[in-house]
Amino acid sequence: MDEKVEINPAGTKGFAFLEFVTTQASQLRMLFVQLGFTHIANHKEKEIELWQQNNISFLLNLETEGYARDFRDLHGGGALGMGFAVKDLAHAYSHCITKEATPIKSTADDWHNANCKAIEGIADTRLYLTELDNIIESNLFELIPGRLEKLHSNAAELLYIDHLTHNVYRGNMDKWAKFYEDLFNFRQIRYFDIEGKLTGLISRAMTSPCLNIKIPINESVDDKSQIEEFLHEFNGEGIQHIALESANIYETVEKLKQMGISFMKTPDSYYQNIHKRLPYNEEPLERLHKNNILVDGAPTKDGGYLLQIFTETVIGPVFFEIIQRKGDDGFGEGNFQALFDSIEQDQIERGVL
């Protein structure tokens, strides 16, 4: 038996695209522009727009019938589909079906062709498989004249999708981890349990054999956490946030702020403790603080670290993360506890506690 097939049975290569729906199309288009994306093409038969930035492809599905309408009616807006690029589509699809994935039968409202196969993903989402590295190669979209030339000028130096975080109901974290394990041989690379004074969460961070697809799965441990709030507002499980890799997070964040993107605030006290927590990080503290960028990683010199920042919620309860990795393959789990601690310290300094 081919050992490579055993290790990467579906032949995954990375994220191919993300498909969105919304109840407020003009606002979502503006958000994409503010994030540095360019509307480069339209589907030849469906009301679907293709937005791109470097190796990131977003589809905006504006169809008023079928699965897009159903998802929009139930969840409002968000990511209803994600594409995995695979080496051999026929093999990958056959493998997933053999592993008891549920196929999505072709219907009149499908936008894709033989270049894509769809199976049921988490909750109401679709998981597409495709051999195409760029969906524009499908010949399903008609390029808008002059738009390709604008790609570079509009870009905010976002390179590709780093990870997609799932929020699930209590008791379902292991179920969805097993889904990715069985179909794609994902493995757990992180497990963390974050406890605040009033709320908490647990998470299993999964990654594909190709290392280019990362899925953290979050589950609440109480009735009041941010996970439960998402599930209530989104009306079910789904993709909570979309992490995009930056080539230079400082320049990216500064440009996005100029374009009107609002980020979550970080207490000043957080930055007082960075060098205690990560003594070997070499980031300029003043620029980190100015841009509210978080840093996380190993406390050792050779362990690496990462930089990250989160937008405010921008599509219902869904938000984006901007991340730059400098030798660390985690998800900033240290920042959760650091933020809890720094918020409490800030409260003490203000006399609240």
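For the structure, see preceding data.
Predicted model only: the values in this text are computed from it and were never measured.

The next point concerns the sheet that holds strand 3 (residues 48-53). Taken in spatial order, the 8 strands make up an open sheet running 6-7-5-1-4-3-2-8, and their pairing is mixed. Bordering the open sheet on either side are strand 6 (116-120) and strand 8 (141-143), each of which pairs with just one other strand. In this sheet, neighbouring strand axes are inclined to one another by 30° on average, regardless of whether the strands run parallel or antiparallel. Those strands touched by helix 6 (residues 173-184) are strand 1 (12-21), strand 5 (78-86), strand 6 and strand 7 (126-130), and its axis lies near 20° from that of strand 7.

Moving on, we come to the state of the cysteines. Taken as a whole and assessed by the stated rule, the structure comprises 0 disulfides. Here Cys 96 stays free of any disulfide, with the sulfur of Cys 210 as its closest cysteine sulfur at 13 Å. On the accessibility criterion, Cys 96 (0% relative accessible area) is buried.

Judged by pairing direction, the sheet is mixed, and its 8 strands sit side by side in the order 10-11-12-9-13-16-15-14 without closing on themselves. Only two strands of the sheet have a single neighbouring strand rather than two, namely strand 10 (187-195) and strand 14 (294-297). Each adjacent strand pair in this sheet contributes to an overall mean axis angle of 25°, direction not counted. As paired strands, strand 13 (residues 238-246) and strand 16 (residues 319-326) are joined by 5 bridges and run parallel to one another. Pairing of Glu 245 across the sheet is with Ile 323, part of strand 16. Along the sheet, helix 6 contacts strand 9 (158-168), strand 10, strand 11 (200-207) and strand 12 (214-220); its crossing angle with strand 11, the most-contacted strand, is approximately 5°.

Taken as a whole, the second largest pocket spans an internal volume of roughly 360 Å³. Contributing elements (two or more residues each) for the lining of the second largest pocket: strand 1, strand 4 (56-61) and strand 9. A per-element tally of the lining of the second largest pocket places strand 1 first, with 5 residues. Broken down by class, the residue content of the lining of the second largest pocket amounts to 8 nonpolar, 7 polar and 5 charged.

Attention now goes to unusual backbone geometry. Despite not being glycine, Glu 100 has its phi angle at roughly 75°, a positive value. Structurally, the position occupied by Glu 100 is in the loop between helix 4 (89-98) and strand 6.

This part is about the environment of Val 168. Of note, Val 168 is situated in strand 9. With 30 residues separating them in the primary sequence, Val 168 and Leu 198 have C-alpha atoms 20 Å apart. When near neighbours in sequence (up to four residues on either side) are disregarded, Val 168 contacts Ile 122, Met 173, Trp 176, Ile 217, Asn 218, Glu 219, Ile 227, Leu 231 and Glu 237.

If you check which residues of helix 7 (residues 226-234) are buried, you get Ile 227, Glu 228, Phe 230, Leu 231 and Phe 234. End-on, the buried residues of helix 7 take up no more than an arc of 160°, which puts them together on one face. Facing away from the buried side of helix 7 by more than 90 degrees, the exposed set consists of Glu 229 and His 232. Check the buried side of helix 7 and you find it contacts helix 3 (66-75), strand 9, strand 11, strand 12 and strand 13. After helix 7 finishes, the residue Asn 235 shows a positive phi value of roughly 65°.

So, on to the pairing of strand 9. Within a regular strand, the side chains alternate between the two sheet faces. With 9 of its 11 residues buried, strand 9 lies for the most part within the structure. Bridge count between strand 9 and strand 12: 4 bridges; the pairing is parallel. From the neighbouring strand, His 163 faces strand 12, where its bridge partner is Lys 214.

On inspection of all chains with the given rule, the structure shows 15 salt bridges. One salt bridge in this structure joins Arg 204 and Glu 181, with 3.3 Å as the shortest N-O distance. A residue pair is termed long-range when its members are at least 10 positions apart, and Arg 204 in strand 11 and Glu 181 in helix 6 qualify at 23 residues. Residue class for Arg 204 comes out buried when judged on its relative accessible area of 14%. Classification of Glu 181 as partly exposed rests on a relative accessible area of 29%. The partner of Asp 296 in a salt bridge is Arg 277, with the nearest N and O atoms 3.2 Å apart. One end of the pair, Asp 296, is in strand 14; the other, Arg 277, is in helix 10 (residues 274-277), and 19 residues separate them in sequence. For Arg 277, a relative accessible area of 24% translates into the label partly exposed. Via salt bridges that share partners, Glu 65, Arg 69 and Asp 70 belong to a single interconnected network.

Basis of the calculations
- Residues numbered from 1 in each chain as written.
- Predicted model: local features only at pLDDT ≥ 70, side-chain atom pairs only at ≥ 80, totals over all residues.
- Heavy atoms only, no water.
- Pairing = 2+ DSSP bridges.
- Helix = DSSP H or I, 4+ residues; strand = E, 2+ residues; numbered from the N terminus.
- Axes fitted to C-alpha atoms, helices over the stretch in contact; angles between N-to-C directions.
- Contact = heavy atoms within 4.5 Å.
- Disulfide = S-S within 2.5 Å.
- Buried < 20%, exposed > 50% of the residue type's maximum accessible area, 1.4 Å probe, protein only.
- 1 Å grid on protein atoms, 1.4 Å probe; cavity = no way out; pocket = protein on both sides within 12 Å on 5 of 7 lines; lining within 4 Å.
- Points joined across faces, edges and corners; volume = space filled by probe spheres on them.
- Nonpolar A, V, L, I, M, F, W, Y, C, P; charged D, E, K, R; others polar.
- Arc of directions from axis to C-beta.
- Salt bridge = Lys/Arg side-chain N within 4 Å of Asp/Glu carboxyl O.

Shape descriptors only; they carry no functional weight alone.
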